[in-house]
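In case you want the letters, here they are:
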Amino acid sequence: MSTFLSPDRVLVAYGSPLGSTAEVAAFIGENLAEQGAAVDVLQIDHVGELGHYDRVVVGSAIRYDRWLPQATAFVESNRDTLSRVPVAMFFTCLALANGSAKGERKAAGYADQLRGLLPESSDVQVRGFAGVLDPSRGPLWIRVLLHMLSRVSGVAPGDYRDWDAIRAWALGASRRVAHTEQRLQ
Ligand SMILES: Cc1cc2nc3c(=O)[nH]c(=O)nc-3n(C[C@H](O)[C@H](O)[C@H](O)COP(=O)(O)O)c2cc1C
């Protein structure tokens, strides 16, 4: 636990096959660092020991209606540690890209999946963000798939990330933690 004199140590871990969620994670990290936190932004596969973090942010793209398997495995294998610190989880997806009620329902399902990964008593915040549909990214089969996804979902290619919403969530999560710490002192 950080003290008045030491900065809050935060891990932002992410899974991002095509890179846009990595940019969201970096942006969250920058915003938390501006608030005075000591932040490590790491790809999930590169995360080592978790014990020295005061809180953890974990984010991943959604693929085939699921968080990436490595993001799920990361939370499951660190369940005990993550149940003891404030955790903020996020996902990027296209379900939230066009503001449809169907998309919102899908995203609510994704959020439920994430909440189910940690015990109910944990201090967890979950949030979904619209991501990127860029059919020029990735190997050929992904580009073909993204064209199909665009046609089937009715989501036009584009960058749907709402940086103001992402910043507000990142800062809201940090204020909430500061408030909790004040109450615990
Ligand atoms: C193979 C594939 C499957 C996807 N499946 C879903 C999905 O089931 N639901 C959804 O809302 N978005 C889906 N997406 C969209 C991604 O979640 C979105 O493009 C995200 O921003 C990608 O993040 P990344 O650049 O970090 O990989 C899929 C994208 C790809 C490439």
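What counts and how
- Residues numbered from 1 in each chain as written.
- Predicted model: local features only at pLDDT ≥ 70, side-chain atom pairs only at ≥ 80, totals over all residues.
- Helix = DSSP H or I, 4+ residues; strand = E, 2+ residues; numbered from the N terminus.
- Buried ≥ 20, exposed ≤ 12 C-beta atoms within 10 Å, placed from the backbone.
- Contact = placed C-beta atoms within 7 Å.
- Expected span 1.5 Å × (residues − 1).
- Arc of directions from axis to C-beta.
- Near = placed C-beta within 6 Å.
- Nonpolar A, V, L, I, M, F, W, Y, C, P; charged D, E, K, R; others polar.
- Core = buried A, V, L, I, M, F, W, Y, C linked by C-beta atoms within 7 Å.
- pLDDT = per-residue confidence, 0-100.
- Pairing = 2+ DSSP bridges.

A count of helices and strands for the chain gives six helices and eight strands. Reading the secondary structure of the chain in the N-to-C direction produces β-α-β-β-β-α-α-β-α-β-β-α-β-α. Expressed as a percentage of its 185 residues, the buried residues of the chain come to 34%. For the chain, long-range pairs separated by at least 24 residues make up 75% of all intrachain contacts whose partners lie at least 6 apart in sequence.

Over its 15 residues, helix H4 (residues 101–115) extends 21 Å from the first C-alpha to the last, a length consistent with the 21 Å expected when each residue adds 1.5 Å. Residues of H4 that are buried: Gly103, Ala107 and Leu114. The arc enclosing the buried residues of H4, seen along the axis, measures out at 35°, which places them on a common side. Residues of H4 that are exposed and point over 90 degrees away from its buried face: Ala101, Lys102, Arg105, Ala108, Gly109 and Asp112. Against strand S4 (66–67), strand S5 (87–93) and strand S6 (124–130) lie the buried residues of H4.

What follows concerns the site of the ligand. Around the ligand, 21 residues are found, and the nearest of them are Ser16, Thr21, Ala61, Cys93 and Gly131. Residues of the shell around the ligand, tallied by class, amount to 13 nonpolar, six polar and two charged.

One finds Val12, Ala13, Ile28, Val56, Val57 and Val58 to be the most contacted residues of the largest nonpolar core, which totals 44 residues. Filtering out sequence-adjacent residues up to four positions away, valine 56 remains in contact with Leu11, Ala13, Leu50, Leu82, Val85 and Val87.

Low-pLDDT portions of the prediction should not be read for the details of their coordinates. With 90% of its residues at a pLDDT of 70 or more, the chain shows a mean pLDDT of 90. Between the elements of the chain, mean pLDDT differs from a low of 70, seen in helix H6 (residues 163–184), to a high of 98, seen in S4. Note that residues 177–185 has pLDDT below 50 and, in this model, three contacts with residues that lie over four places away or in other chains.

We note that tyrosine 64 has phi near 50°; this positive angle belongs to a residue other than glycine. Mapped onto the fold, tyrosine 64 is located in the loop between strand S3 (55–63) and S4. What makes tyrosine 64 exposed here is the crowd of 5 C-beta atoms within 10 Å. Despite not being glycine, aspartate 65 has its phi angle at roughly 65°, a positive value. One can find aspartate 65 in the loop between S3 and S4. Residue class for aspartate 65 comes out exposed when judged on the 11 C-beta atoms lying within 10 Å of it.

Another aspect to go through is the pairing of S3. Of all the nine residues making up S3, eight are buried; the element is thus mostly covered by neighbouring parts of the structure. Here six bridges tie strand S1 (residues 9–15) to S3, and the two strands are oriented parallel to one another. Paired with valine 10 across the bridge in S3 is arginine 55. Inspection of the sheet shows S3 paired to S4 by two bridges, in the antiparallel sense. Bridging across to S4, isoleucine 62 finds its partner in tryptophan 67. The hairpin turn running from S3 into S4, its antiparallel successor, is two residues long, and tyrosine 64 in that turn takes a positive phi close to 50°.

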